[in-house]
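Results of the structural survey
So you can see what is in the structure, the chains are spelled out below.
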Amino acid sequence: MRQITLILLLFFTFGYSQKTIKGKVLEATTSEALPFVNLFSSESNQGVYTNLEGYFEFQIPNSVQSITISCLGYKTIVIPIENFNEKEQIIRLEAEEYALEEVVVVNKPLHEIMNNLVSNSKNQLDRDVKLDTYYREFLKINNQYSKFSDGLVTYYLQPKRKDKVKANVVVNESRAFEITAANDLEYEGKADLAAMDTFFNFKDATDNFFNFNMIENFLTNAKSSKKYDFQIKTYQTQSGVSFEKIVIKPLPEVQELLVEGYIIYDAASKVIMEYDLQLADTHKQYSELRNMVLFKFKLNDLQVKVSFRMENGKYIPNYNKTVFDLYMKFGKQINDNLSGVCDLLVNNYSNTNVILPAKETFYTKRSLYENGMKHHSNYWKSNLAMPLSANEEAVLNQLMN
């Protein structure tokens with residue numbers, strides 16, 4: 001009886017020692033929603049990000065006194081926890097005031113600049129690390145939500161080559177939903193893709209942090225300079241921190257599948273802090289059907305957004321988002337569209353005396369979906385998570401109800 005009483009006491013103690021804060025982060029001048037804003041508690045080492053609509057939801061211990069809110073290009077603010085009430089909080093971030101903002105005149109072609117940035121970034125990244133992450137993935141078939149999975153995942157990484165890592169994966173908690181039953185999915189061909197849980201190899205989810213493939217595939221060869229228009233601006237904050245931003249646009253006369261977007265890098269160390277590249281809307285028309293071993297495919301859309309951060313002098317991965325949309329064809333069997341989005345947020349990082357767990361604890365399946373519903377907490381609200389969009393939330397709520 002005493003043990004049961006103790007267990008109940010612990011349950012109620014921890015069950016009621018958390019506080020949930022939620023709200024929306026806006027740009028102070030325009031009132032536009034700000035995505036990918038980090039809300040962090042240094043006291044609990046917890047944090048969350050805003051979603052594409054600027055929303056956040058954050059479960060924190062009652063002992064937390066303040067929340068730090070930061071986003072590249074905006075002033076960092078610290079809000080006392082008592083300022084958060086039970087309603088949704090509206091937070092406005094002011095754009096950073098720069099002591100210097102000017103266009104950089106460069107004599108180097110684009111591909112040389114990109115090669116230099118990628119090389120510096122790869123050299124600064126430690127590939128023998130442990131990353132505690134929050135992973136999330138949606139899969140769609142012919143514009144119908146098919147599968148969803150998310151979880152707390154630990155990646156034990158070891159160097160394989162300069163731009164490769166070998167990943168041993170441990171899944172700590174997970175959720176998995178079949179959003180649309182296989183029989184309800186609409187297919188153009190005779191065979192369906194209902195058995196497909198993922199387009200990505202779950203073990204390779206950290207690769208975008210180390211290989212910079214989106215940049216290298218489109219921007220690092222000698223012909224790149226002739227296909228793109230680009231501009232570099234340098235920014236220096238009032239505190240003296242400098243960074244540079246390259247905005248890239250494809251030339252309209254080049255009839256190829258090209259990308260657009262930006263790369264932000266530290267002006268002193270020349271390492272990439274963030275890049276967001278996607279297929280240019282003006283050039284998607286030049287995407288062609290490609291042959292693979294077993295099927296053909298055509299890339300309709302692709303976006304890769306990756307960010308890094310400096311922590312105690314270390315250059316470490318922070319966030320990775322991949323969005324894709326492709327058409328697949330396999331004879332008369334498959335004639336369908338496959339699309340999805342994958343988010344990976346780094347919660348904790350360590351590279352000192354990392355001890356690998358027992359081999360039998362490693363997760364060996366291709367998709368996180370296969371791990372099923374195995375969780376003991378609302379980790380998606382408290383571990384560097386990012387809220388679902390309104391549309392995604394509605395899809396899951398309908399399923400769970």
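Preceding this section is the structure that the text describes.
If you're wondering where the values come from, they're calculated on a predicted model, not measured in any experiment.

A word on the overall build of the protein. A tally of regular secondary structure across the protein gives 6 helices and 19 strands. Within the protein, the proportion of its 401 residues that are buried is 48%. By sequence separation, contacts in the protein at least 24 residues apart represent 65% of the contacts at least 6 residues apart. As displayed, the protein offers around 20700 Å² of accessible surface, 48% of which is attributable to carbon and sulfur atoms.

With that settled, consider the packing of aromatic side chains. Per the stated rule, a full pass over the model turns up 15 aromatic pairs. Geometrically, the ring pair formed by phenylalanine 212 and phenylalanine 308 is stacked, given 5.8 Å between the ring centres and 25 degrees between the ring planes. Placement of the pair is phenylalanine 212 in the loop between helix H3 (208–211) and helix H4 (213–219) and phenylalanine 308 in strand S17 (residues 296–311), with a sequence separation of 96 residues. Taken individually, phenylalanine 212 and phenylalanine 308 each receive the classification buried, so the pair is uniform in this respect. Through pairs of rings, three or more aromatic residues link up here, namely Phe209, Phe212, Tyr275, Phe308 and Tyr315. The ring centre of tyrosine 145 lies 4.4 Å from the NZ or CZ of lysine 140, which sits over that ring. Its end group placed over the ring of tryptophan 380, arginine 175 keeps NZ or CZ at 3.9 Å from the ring centre.

Another point: the sheet that holds strand S3 (residues 46–49). Pairing in this open sheet of 4 strands is antiparallel, and the strands run S3-S2-S5-S6 from one edge to the other. Taken across any chain shown, the strands that pair with only one partner, and hence form the sheet edges, are S3 and strand S6 (77–80). Neighbour to neighbour, the strand axes of the sheet diverge by 20 degrees on average, direction disregarded. Sheet topology note: the strand S5 (residues 66–70)/S6 ladder contains 4 bridges and is antiparallel. For threonine 68, the partnering residue across the bridge sits in S6 and is valine 78.

Looking now at a nonpolar patch on the surface. Together, Val293, Leu294 and Phe330 give the surface a local cluster of nonpolar side chains, amounting to about 360 Å² of exposed area. By the element assignment, valine 293 lies in the loop between strand S16 (290–291) and S17. By relative accessible area, valine 293 is classed as exposed at 81%.

What follows concerns the side chain of lysine 305. With respect to the helices, strands and loops of the structure, lysine 305 is situated in strand S17. At a separation of 3.1 Å, a polar atom in the side chain of lysine 305 contacts the side chain of tyrosine 262. Not counting the four nearest positions on each side in its chain, lysine 305 is found in contact with Phe36, Tyr262, Glu274, Tyr275, Asp276, Tyr319, Asn320 and Lys321.

Rules of the game
Residues numbered from 1 in each chain as written. Predicted model: local features only at pLDDT ≥ 70, side-chain atom pairs only at ≥ 80, totals over all residues. Heavy atoms only, no water. Helix = DSSP H or I, 4+ residues; strand = E, 2+ residues; numbered from the N terminus. Buried < 20%, exposed > 50% of the residue type's maximum accessible area, 1.4 Å probe, protein only. Contact = heavy atoms within 4.5 Å. Areas by Shrake-Rupley, 256 points an atom, 1.4 Å probe, with all protein chains shown as cover. Phe/Tyr/Trp six-rings, centres within 6.5 Å; stacked < 30°, edge-to-face > 60°. Lys NZ or Arg CZ within 6 Å of the ring centre and 35° of its normal. Pairing = 2+ DSSP bridges. Axes fitted to C-alpha atoms, helices over the stretch in contact; angles between N-to-C directions. Patch = residues over 30% accessible without salt bridge, like charges linked within 9 Å, V, L, I, M, F, W, Y side chains within 5 Å. Salt bridge = Lys/Arg side-chain N within 4 Å of Asp/Glu carboxyl O. Polar contact = N/O pair within 3.5 Å; in protein donor to acceptor, adjacent residues only side chain to side chain.

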